[in-house]
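Residue-level listing of the chains:
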Amino acid sequence: MNTKSIFNADNFRMAIFLLTLIGSTWGTMWTFSSRLEDKLTRRIDRLEDKIDTRFDKIETRLNSFGERIARNETRLDALK
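If you're wondering where the values come from, they're calculated on a predicted model, not measured in any experiment.

Novice: Honestly, the overall build of the protein chain in this entry has me stumped. Any pointers?
Specialist: A tally of regular secondary structure across the protein chain gives one helix and zero strands. A compact globule built from 80 residues should have a C-alpha radius of gyration of about 12 Å, whereas the protein chain, at 34 Å, is more than 25% larger. When the backbone C-alpha atoms are referred to their principal axes, the protein chain occupies close to 120 × 15 × 5 Å. Each of the 80 residues in the protein chain was classed as buried or not, and the buried ones make up 0%. As displayed, the protein chain offers around 8,300 Å² of accessible surface, 61% of which is attributable to carbon and sulfur atoms. Each charge class in the protein chain can be summarised by its mean position, and for the 15 positive and 12 negative side chains these summaries are 8 Å apart.

See below:
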């Protein structure tokens, strides 16, 4: 009677091959995902920096405009 064992050398090699394939695929996907996330994070950070800079410029301009209005109101009040 010739019965094949589940634990023969061919099955063992196939299992090692599949585990290696799955492990390398997982590692590659993890690396790709990590790099993509890093790029996205850097882009978001740059965008936030640009927005903050522009809001600061707008705030400076509005403050300057407010100061001019206050000076003009003072001058108008002095003329009354």
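From this point on, the discussion continues.
Novice: For this particular structure, what's the right way to read a negative patch on the surface?
Specialist: Taken together, the side chains of D45, E48, D49, D52, D56 and E59 present a region of like negative charge at the surface. Mapping D56 onto the fold places it in helix α1 (residues 9-79). The partly exposed category is assigned to D56, whose relative accessible area is 44%.

Novice: Looking at this structure, I do not really get a positive patch on the surface. What am I missing?
Specialist: Where like charges cluster on the molecular surface, the positive patch consists of R35, K39, R42, R43, R46, K50, R54, K57 and R61. Mapped onto the fold, R46 is located in helix α1. Since its relative accessible area comes to 52%, R46 is described here as exposed.

Novice: Honestly, a nonpolar patch on the surface in this entry has me stumped. Any pointers?
Specialist: On the surface, M14, F17, L18, L21 and I22 cluster together to form a nonpolar patch covering roughly 500 Å² of accessible area. Following the sequence through the fold, M14 ends up in helix α1. A relative accessible area of 46% places M14 in the partly exposed class.

What counts, and at which threshold
Residues numbered from 1 in each chain as written. Predicted model: local features only at pLDDT ≥ 70, side-chain atom pairs only at ≥ 80, totals over all residues. Heavy atoms only, no water. Helix = DSSP H or I, 4+ residues; strand = E, 2+ residues; numbered from the N terminus. Rg over C-alpha atoms; globule rule 2.2 N^0.38 Å. Buried < 20%, exposed > 50% of the residue type's maximum accessible area, 1.4 Å probe, protein only. Areas by Shrake-Rupley, 256 points an atom, 1.4 Å probe, with all protein chains shown as cover. Lys, Arg positive; Asp, Glu negative; His and termini not counted. Charge placed at Lys NZ, Arg CZ, Asp CG, Glu CD. Patch = residues over 30% accessible without salt bridge, like charges linked within 9 Å, V, L, I, M, F, W, Y side chains within 5 Å. Salt bridge = Lys/Arg side-chain N within 4 Å of Asp/Glu carboxyl O.

Honestly, that's just the spatial picture; any functional story needs more than this.
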